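What follows is each chain in one-letter form.
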Amino acid sequence: ITMTLEEIRGQENTMENADRVQSAGAALEELLVAAKKQDYLTVGVYESAKVMNVDPDSVAFCVLATDEEYECDIALQIHFTLIQAFCFDNDINVVRVNDIERLADLVSADETGEPKDAHCILVTSPSANPWKDPALDKLSLFCEESRSVYDWVPTITLPER
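Residues numbered from 1 in each chain as written. Predicted model: local features only at pLDDT ≥ 70, side-chain atom pairs only at ≥ 80, totals over all residues. Heavy atoms only, no water.

Novice: Go over the layout of surface pockets with me, naming the residues and quoting the values.
Specialist: Computed from the structure, the largest pocket encloses a volume of approximately 220 Å³. Together, 15 residues line the largest pocket, and A60, P130, W131, K132 and L136 are the ones closest to its centre. Residue assignment for the lining of the largest pocket shows that the elements contributing at least two residues are β2 (59–65) and α5 (134–148). Per element, the largest residue contribution to the lining of the largest pocket is 3 residues, and it comes from α5. (1 Å grid on protein atoms, 1.4 Å probe; cavity = no way out; pocket = protein on both sides within 12 Å on 5 of 7 lines; lining within 4 Å. Points joined across faces, edges and corners; volume = space filled by probe spheres on them. Helix = DSSP H or I, 4+ residues; strand = E, 2+ residues; numbered from the N terminus.)

Novice: Before we move on, can you summarise unusual backbone geometry with the specific residues and values?
Specialist: Phi angles above zero are rare outside glycine, and D39 is one such case at about 65°. Assignment of secondary structure puts D39 in the loop between α1 (5–38) and β1 (41–43). The residue D91 is not glycine, and still its phi comes out positive at about 55°. Along the chain, the position of D91 falls in the loop between α3 (74–89) and β3 (93–97).

Novice: Residue-level account of the pattern of salt bridges, with values.
Specialist: Tallied over the entire structure, the rule returns 1 salt bridge. Here R102 and E29 are joined by a salt bridge, their closest N and O atoms 3.1 Å apart. Of this pair, R102 sits in helix α4 (residues 100–107) while E29 is found in helix α1, placing the two residues 73 residues apart along the sequence. (Salt bridge = Lys/Arg side-chain N within 4 Å of Asp/Glu carboxyl O.)

Novice: Could you give an account of a nonpolar patch on the surface, with specific residues and numbers?
Specialist: On the surface, a cluster of nonpolar side chains totalling about 320 Å² of accessible area is made up of I74, I78 and L82. Within the secondary structure, I78 is located in helix α3. Owing to a relative accessible area of 48%, I78 belongs among the partly exposed residues under this scheme. (Patch = residues over 30% accessible without salt bridge, like charges linked within 9 Å, V, L, I, M, F, W, Y side chains within 5 Å. Areas by Shrake-Rupley, 256 points an atom, 1.4 Å probe, with all protein chains shown as cover. Buried < 20%, exposed > 50% of the residue type's maximum accessible area, 1.4 Å probe, protein only.)

Novice: With reference to specific residues and values, describe a negative patch on the surface.
Specialist: Taken together, the side chains of E69, D99, E101, D105 and E160 define an acidic patch exposed on the protein surface. Looking at where E69 falls in the secondary structure, it is placed in the loop between β2 and α3. (Lys, Arg positive; Asp, Glu negative; His and termini not counted. Charge placed at Lys NZ, Arg CZ, Asp CG, Glu CD.)

Novice: An account of the packing of helix α2 (residues 45–54) against α3 is requested, with residue identities and associated values reported.
Specialist: The N-to-C vectors of α2 and α3 enclose an angle of 25°; their axes lie 11 Å apart at closest approach. It follows from the interaxial angle that α2 and α3 lie roughly parallel. Judged by the sense of rotation from one axis to the other, the crossing of α2 with α3 is left-handed. Listed contacts from α3 to V45, Y46 and M52 of α2 are L76, H79, I83, F86 and C87. Looking at the contact of α2 with α3 residue by residue, the classes come out as 7 nonpolar, 1 polar and no charged. (Axes fitted to C-alpha atoms, helices over the stretch in contact; angles between N-to-C directions. Parallel < 35°, antiparallel > 145°, perpendicular 65-115°, else oblique. Left-handed = near helix turned anticlockwise from the far one by under 90°. Contact = heavy atoms within 4.5 Å. Nonpolar A, V, L, I, M, F, W, Y, C, P; charged D, E, K, R; others polar.)

Novice: Can you tell me about the pairing of β2, naming the residues and giving the values?
Specialist: Most of β2 is tucked away, with 6 of its 7 residues classed as buried. Bridge count between β2 and strand β4 (residues 120–124): 5 bridges; the pairing is antiparallel. Each residue of the ladder has a partner; that of L64, found in β4, is C120. Judged from the 5 bridges that link them, β2 and β3 form a sheet pairing that is parallel. Note that in β3 the partner of F61 across the bridge is N93. Remark: the β2/α3/β3 crossover connection has right-handed handedness. (Pairing = 2+ DSSP bridges. Right-handed = clockwise from strand over helix to strand, strands pointing away.)

Everything listed here is a matter of geometry and, on its own, says nothing about what the molecule does.
Written out as structure tokens, the structure is:
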């Protein structure tokens, strides 16, 4: 089998990309767990919209989650479009995750035991004392690299459990 240089490069890029997405998934998991401990998570579409409206400067990162079950939910897709537009206008990195159950497990149920609406999760950070986290830096770099290839809302796959 003879391969052209382009084909070889293409394979390398696919491998590199798979590694990038995997390490971004690990970084996202790390970030969500750390942010939850710090109480820097806002979970839920409406809750997130409220935070974005009241204190947009506190939003450090945005995760939108869906799966096949919700692909046809027009209202949710409209919310996603508005949230993405808000994030773009305010220079907030935003990613998609296609495993809402796994994401809901990570941000877990609240005190009432009710699972939270994990379709939108914001990582917030007080403006007075911005929170620094290596996982957030990794994800910011991942988003920046994705935008350089016109992938405005990259999809991240969370590591398997």
